[in-house]
Amino acid sequence: MSENHNGSEEVVLSFPHKDCVLVGGQTKEEQGTEERFIDPALETEEIRRMFQPKVLTNAIRFTPEGETPVNSIDDDDNILVKGNNLIALSSMRPRYENKVKMSYWDVPYNTGSDSFQYNDRFSRSTWLVFMKNRVEQVLPLLDPVDGVLLIQCSGHHYAYLKVLLDEIVGNYVMTFHVLVRHPDRTLTADKEYNDVVEYILVYSKSPSFKMPKIAVEKTMDDYEWVVEELTGGREMEFDGRKAWVFEPGEYELKKTAPSEENFKIMTIRGTIKEKVSSGRFYVKYLKPLEKDYPPKTLFKVENIGDDMYDFRYFYLPPIGNKNGAYLQGMPVSSKVTYKPYPNFLDFVQSYNTVNHEGMVEFRNGKKPEDLMAYLMEIFTEEGDLVLDAFAGSGTTGAVALKRNRRFILCEQMDYIRDITCARLKAVIRGEEKDALQEQENAGGGTFVYFEVKEAGQTYVNMDEIEAPEYAVSETEKAFSQSFYKN
């Protein structure tokens, strides 16, 4: 153990160049480029200039009607950025600090077979530096209350990545285990094992963040029991509550058609004994009576429960059963029940057909739209801002358009115009055959495409933008100033 950045004693990773910034040699396009690590303590000026705002160029607004060059941007615009995502993320801060609700990353897995492939020297420690640099840049962009970072990865680096994120983010929420391939389907027989699960790590910027729950509308399907009291019962009292006891033969429990006026049987076991008031009542007052009364003796207790009745029925275990039960009426305090999300997700069928989504070919990296829609439904609402720093084929942007979210996409590969941009254009024009089965894509929406200017890797700030050596056009200057003035 060692002391982490929050001052607490936690397990942290130690690896070469951990506190450095990785430059170059990160993609297939850069193979042959020497990877270089910049030490912030020794090369402060280079680091400062690296993370200054950059000139933005080739800005185009895409609408259902076509495309138009632009020299300004609005707060509500969706954006698609071409450029190194480390530089792009740092340039986002002046405009988008604390505004991103969900940042989803399908990161390079560094397995040697990714479409986004590293140089052979891109070791595990180098990959961790690569990830650490980008996580540190996205954190200031996340909403301080309920902003979340989701990173999807394989099992090759999952454990290392989680320890790293525990250290630099700190607020671990959960991990989704996503079944992406049927266990009986093997892609290649020469692997040591059949890799069928991927992981989505979920972290929050806020220590007080609570995982949302599934709101399930209550129905009366299970409310199919009625009680007929055949006698007046014998009066008794529990902790000031008036009650009546009915032994078997003094009442009848009948099953009938579901109705809002009926009861649902709730067996008292597991967490119900500790976390439900009726369960705790049974354990404290009625369970000790199991030795004194016949099985299935019924107790009617006043002033307990939250249903339409001012009483609740309890009964002792039947013969051969160790658990008692209570009869619950339809709750009146809420029309929904909140249940936790599962941490295991089966998206095998979606992954089997993902190549047909989006009208673009993108091998070994495209994620299903319904997986992205599932995540957005949990962590965002309509109008919220979603950021994907590894845009790939543009699944995140496509789903955001269809689900009325705003998006920021970053991608540095040259296929951004032929694949990512083309897919988003098809969505807003309504041309894409929709992959989200419950929703037909009617089109609509806009987005702005632009590039981070890389001429000679020149880094400029806004008071240097007039300098002739930077060769900034009037259009570039106007768009850059519009972007950073927010």
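Refer to the preceding data block for the structure.
Residues numbered from 1 in each chain as written. Predicted model: local features only at pLDDT ≥ 70, side-chain atom pairs only at ≥ 80, totals over all residues. Heavy atoms only, no water.

It is worth spelling out the overall build of the chain at this point. When helices and strands are tallied, the chain shows 11 helices and 25 strands. In the chain, which comprises 486 residues, the share counted as buried stands at 50%. Long-range pairs, those at least 24 residues apart, make up 70% of the contacts in the chain between residues at least 6 apart in sequence. Working note: accessible area of the chain is about 23,600 Å², and carbon and sulfur atoms make up 47% of it. (Helix = DSSP H or I, 4+ residues; strand = E, 2+ residues; numbered from the N terminus. Buried < 20%, exposed > 50% of the residue type's maximum accessible area, 1.4 Å probe, protein only. Contact = heavy atoms within 4.5 Å. Areas by Shrake-Rupley, 256 points an atom, 1.4 Å probe, with all protein chains shown as cover.)

Moving on to the sheet that holds strand E23 (residues 385-388). Here 11 strands make up an open sheet; going across it, the order is E6-E5-E25-E7-E24-E23-E8-E9-E11-E10-E22 and the pairing mixed. Edge positions in the open sheet fall to strand E6 (66-69) and strand E22 (344-346), since each of these has one partner strand only. Each neighbouring strand pair of the sheet contributes to a mean axis angle of 20 degrees, computed without reference to strand direction. Direction of pairing for strand E8 (residues 102-106) relative to strand E9 (residues 148-153): parallel, over a ladder of five bridges. Among the inter-strand pairings, tryptophan 105 is bridged to a residue of E9, identified as isoleucine 151. Contacting E8, E9, strand E10 (171-179), strand E11 (197-204), E22 and E23, helix H8 (residues 369-379) crosses the sheet at an angle of about 155 degrees to E8. (Pairing = 2+ DSSP bridges. Axes fitted to C-alpha atoms, helices over the stretch in contact; angles between N-to-C directions.)

Let us look at helix H6 (residues 277-286). Among the residues of H6, Ser278, Gly279, Phe281, Tyr282, Tyr285 and Leu286 are the ones counted as buried. For H6, the arc enclosing every buried residue in end-on projection is 160 degrees, short of the 170-degree limit, so these residues lie on one face. Where H6 is buried, its residues contact strand E14 (234-238), strand E15 (241-246), helix H5 (272-275), strand E18 (298-302), strand E19 (311-315) and strand E20 (325-329). (Arc of directions from axis to C-beta.)

Here the focus is the side chain of serine 278. Position of serine 278 relative to the elements: it lies in helix H6. Every residue in contact with serine 278, bar those within four places of it in the chain, is listed here: Ile304, Arg312, Phe314 and Tyr326.

Turning next to the pairing of E11. The element E11 is extensively covered by neighbouring structure, given that eight of its eight residues are classed as buried. The alternating pattern of E11 places Val197, Tyr199, Leu201 and Tyr203 and Glu198, Ile200, Val202 and Ser204 on opposite faces, both of which are buried. Taken together, the six bridges between E9 and E11 define a ladder with antiparallel strand orientation. Across the sheet, the residue bridging to leucine 150 is valine 202, located in E11. Bridge count for E10 against E11 is eight bridges, and the pairing is antiparallel. Bridge assignment links leucine 179 to a residue of E11, and that residue is valine 197.

For the rest of this paragraph, the subject is helix H2 (residues 85-96). With 10 of 12 residues buried, H2 is to be regarded as a mostly interior element. Positioned one or two residues after H2, asparagine 98 has a phi angle of 65 degrees, which is positive.

A few words now on the packing of aromatic side chains. Counting across every chain of the model gives 23 aromatic pairs. Between phenylalanine 450 and phenylalanine 479 the ring centres are 5.2 Å apart and the planes differ by 55 degrees, which places this aromatic pair in the tilted class. Placement of phenylalanine 450 in strand E25 (residues 447-452) and of phenylalanine 479 in helix H11 (residues 474-484) is noted, with a sequence separation of 29 residues between them. Assessed through its relative accessible area of 1%, phenylalanine 450 is described here as buried. Put simply, the rings of Phe238, Phe281, Tyr285, Tyr293, Phe299, Phe314 and Tyr326 touch in pairs and so form one group of aromatic residues. Positioned above the aromatic ring of tryptophan 244 is the side chain of lysine 300, whose terminal nitrogen or guanidinium carbon lies 5.8 Å from the ring centre. (Phe/Tyr/Trp six-rings, centres within 6.5 Å; stacked < 30°, edge-to-face > 60°. Lys NZ or Arg CZ within 6 Å of the ring centre and 35° of its normal.)

These values are about where atoms sit, not about what they do.
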